[in-house]
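Listed below, chain by chain, are the residues.
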Amino acid sequence: MTDAAELRQRTRDLLAAHPPASTDRLDFLRARFDAGLAWVHFPEGLGGLGAPRTLQPVVDTALAAAGAPDNDPRRIGIGLGMAAPTLLKYGTDEQKQRFLRPLWTGEEVWCQLFSEPGAGSDLAALGTRAVRDGDDWVVDGQKVWTSSAHLARWAILIARTDPDLPKHRGITYFVCDMTDPGVEVRPLRQITGEAEFNEVFLTGVRIPDTRRLGEVGDGWRVAQTTLNNERVAIGGRRLPREGGMIGPVARTWRERPELRTHDLHQRLLTLWVEAEVARLTGERLGQQLAVGHPGPEGAGMKLAFARLNQEISGLEVDLLGEEGLLYDDWTMRRPELVDFTGREAGYRYLRSKGNSIEGGTSEILLNIVAERVLGLPAEPRTDKDVAWKDLAR
Ligand SMILES: Cc1cc2nc3c(=O)[nH]c(=O)nc-3n(C[C@H](O)[C@H](O)[C@H](O)COP(=O)(O)OP(=O)(O)OC[C@H]3O[C@@H](n4cnc5c(N)ncnc54)[C@H](O)[C@@H]3O)c2cc1C
């Protein structure tokens, strides 16, 4: 088993062979992947060394200190956080070899074609059809809220392959080429003025069977790996103290004493403590993750993340008064990455509204915590044995 000393040595070897100051960024990232220092817990040959995940900071810290470039993880969050763990668990050897390296280096951006106009919380009701035709599948349907679709080369896609089966059982999971002529991406403008996400229309898109992930009809199970990782990716990011939404408001409080009131002080103290508790819980979840795979506990972190972001950004707007209502740019931007705490207070306030929707709404996450963490009785689900084609729509 690779230990910390070996990782330090391998990192030194990488830096000696590819000095960051004189090496092209992409060449460096590819060499890092090939040296097994990308995600050390991945298998050898796929960017890792089969080392414990807890040892990743050994590599990251040494590389950052040497001024090495990183792969800009916020730009490729869906690839790193959702597609990669799913490919690793369910992909064939050929799929892993083809997709993981350019995914990690950021050469190929990924998006997630799951939600549809008629299937969000009830994702298993989705209606996008995939019909087998020789060695291919032909896909027709519409997806919505697809973050980064305008930047993406590949998508993780779930589609219905058997409408005669109950909704959870007739779904299959694919990798979709976003450059296929049948894929049309249209921007959707959000409350922030930006268009991070899109509608995606799929018309006669041909996907070779070699780009199916998992068995035919087993897409719901495969999707659980993606969704569990999504919640951790959104809500479970490890942060330094005051690293999240609480950071800007705490700074304003310290720097602008003229804005302070007793009531705001009480609110700030309460939220500061809650943010710190959430951060430390995130640390613990990170440690659990290091020894296994994310379970439904990720839902709890994502819930706390959404509530705190909304309350803290609301407090910041109250603290700033009229100034908090200023907004510097309403043009429809197509951001390359989403930084929840970036930009001004008004942006943070508006963008945080989406936190309780994206990656599963807070109501749905409460159901997951109730049923799968606390073991409470399940919601009645009267349609789970009915063929999808017979469901009321
Ligand atoms: C910023 C952002 C980015 C996104 N990015 C992507 C992406 O890249 N790819 C993708 O596939 N999707 C993406 N989504 C979509 C997101 O996953 C869905 O919006 C979400 O799952 C909710 O689905 P819906 O919008 O259809 O709402 P609905 O499911 O119609 O829900 C409407 C309301 O009803 C409530 N509700 C529904 N069912 C229940 C229930 N059983 N019990 C209690 N309350 C219930 C919900 O909580 C919600 O308040 C994104 C969303 C946002 C906001």
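These numbers come from a predicted model, not from an experiment.

Rules behind the numbers
Residues numbered from 1 in each chain as written. Predicted model: local features only at pLDDT ≥ 70, side-chain atom pairs only at ≥ 80, totals over all residues. Heavy atoms only, no water. Helix = DSSP H or I, 4+ residues; strand = E, 2+ residues; numbered from the N terminus. Rg over C-alpha atoms; globule rule 2.2 N^0.38 Å. Buried < 20%, exposed > 50% of the residue type's maximum accessible area, 1.4 Å probe, protein only. Areas by Shrake-Rupley, 256 points an atom, 1.4 Å probe, with all protein chains shown as cover. Domains from an automatic or database assignment. Near = heavy atom within 4 Å. Polar contact = N/O pair within 3.5 Å; in protein donor to acceptor, adjacent residues only side chain to side chain. Axes fitted to C-alpha atoms, helices over the stretch in contact; angles between N-to-C directions. Parallel < 35°, antiparallel > 145°, perpendicular 65-115°, else oblique. Left-handed = near helix turned anticlockwise from the far one by under 90°. Contact = heavy atoms within 4.5 Å. Nonpolar A, V, L, I, M, F, W, Y, C, P; charged D, E, K, R; others polar. Pairing = 2+ DSSP bridges. Core = buried A, V, L, I, M, F, W, Y, C linked by side-chain atoms within 4.5 Å. UniProt positions renumbered as here; feature names shortened; annotations may be inferred. Salt bridge = Lys/Arg side-chain N within 4 Å of Asp/Glu carboxyl O.

Undergrad: Pulling in residues and values, what's your account of the overall build of the chain?
TA: When its secondary structure is counted, the chain shows 11 helices and 8 strands. Taken over C-alpha atoms, the radius of gyration comes to 22 Å for the chain, in line with the 21 Å a tight globule of 393 residues would show. Viewed in the frame of its principal axes, the chain has a C-alpha envelope of about 70 × 55 × 45 Å. Within the span of the chain, comprising 393 residues, buried residues form 51% of the whole. Just so you have it, the chain exposes about 18,600 Å², and 53% of that area is on carbon and sulfur atoms.

Undergrad: How would you explain the domain arrangement of the chain if you had to name every residue and give the values?
TA: Domain assignment breaks the chain into domain 1 (1-70) and domain 2 (223-373). Summarising the inter-unit geometry, the C-alpha centres of domain 1 and domain 2 are found 30 Å apart.

Undergrad: Pulling in residues and values, what's your account of the site of the ligand?
TA: Near the ligand you find 17 residues, and of these Ser115, Ser121, Trp145, Thr361 and Glu363 are the closest. Measuring from a nitrogen atom of the ligand, one finds a backbone N or O atom of Gln112 at 2.8 Å. Within the contact set of the ligand, an oxygen atom lies 2.7 Å away from a side-chain nitrogen or oxygen of Thr361. Contact with the protein chains covers 69% of the free accessible surface of the ligand, which is 980 Å². It is helix H11 (residues 362-373) that provides the largest number of residues to the shell around the ligand, a total of 3 residues.

Undergrad: Break down the packing of helix H8 (residues 262-291) against helix H9 (residues 297-320) for me, with residues and values.
TA: At a minimum axis separation of 10 Å, H8 and H9 run at an interaxial angle of 155 degrees. One finds that H8 runs roughly antiparallel with respect to H9. Along this stretch, H8 crosses H9, giving a crossing that reads as left-handed. Between H8 and H9, the contacting residues are Leu264, Arg267, Leu268, Leu271, Glu274, Ala275, Ala278, Thr281, Gly282 and Leu285 on the first element and Glu297, Gly298, Met301, Arg307, Leu308, Glu311, Ile312, Gly314, Leu315, Asp318 and Leu319 on the second. Of the residues in the contact of H8 with H9, the class split is 11 nonpolar, 4 polar and 6 charged.

Undergrad: Would you mind going over the pairing of strand E4 (residues 154-160) in detail, with residue names and values included?
TA: In the case of a regular strand, side chains alternate between the two sheet surfaces. Burial within E4 is extensive, with 7 of its 7 residues counted as buried. A two-sided burial pattern is seen for E4, the buried positions comprising Trp154, Ile156, Ile158 and Arg160 on one face and Ala155, Leu157 and Ala159 on the other. Pairing geometry for strand E1 (residues 110-113) and E4, over 4 bridges, is parallel. Residue pairing in the sheet places Gln112 in a bridge with Ile156 of E4.

Undergrad: Break down the nonpolar core for me, citing the residues and quoting the values.
TA: In this structure, Trp39, Leu87, Leu100, Trp110, Phe114, Ile158 and Tyr173 are the most contacted members of the largest nonpolar core, which totals 33 residues. Put simply, the parts of the chain that give this core at least two residues each are helix H2 (25-34), helix H4 (77-90), helix H5 (93-105), E4, strand E5 (171-177) and helix H6 (219-235). For this core, the element with the most residues is H4, which contributes 6 residues. In this structure, Leu113, Ala152, Ala155 and Met178 belong to the second largest nonpolar core, which totals 20 residues.

Undergrad: Can you lay out the UniProt feature "domain: Acyl-CoA oxidase/dehydrogenase middle" (unreviewed entry) in the chain for me, pointing to particular residues and giving the numbers?
TA: What UniProt calls "domain: Acyl-CoA oxidase/dehydrogenase middle" (unreviewed entry) maps, in this numbering, to residues 111-195. Here residues 111-195 runs as 0% helix and 44% strand, with 14 Å between its end C-alpha atoms.

Undergrad: I'd love a proper account of the pattern of salt bridges, names of residues and values included.
TA: Counted under the stated rule, the structure contains 36 salt bridges. Between Arg343 and Glu194 there is a salt bridge, with the nearest N and O atoms lying 3.2 Å from each other. Residue Arg343 is located in the loop between H9 and helix H10 (345-351), and its partner Glu194 is located in the loop between strand E6 (183-188) and strand E7 (197-208); the two are separated by 149 residues in the primary sequence. Under the relative-accessibility criterion, Arg343 is labelled partly exposed at 25%. In this structure Glu194 comes out as buried when scored by relative accessible area, which is 5%. Its salt-bridge partner being Arg256, residue Glu323 comes within 2.9 Å of it at the nearest N-O pair. Placement of the pair is Glu323 in the loop between H9 and H10 and Arg256 in the loop between helix H7 (246-255) and H8, with a sequence separation of 67 residues. When its relative accessible area of 41% is taken as the criterion, Glu323 is described as partly exposed. Salt bridges here are not isolated pairs; linked through shared partners, they connect Arg98, Glu108, Arg153 and Asp177.

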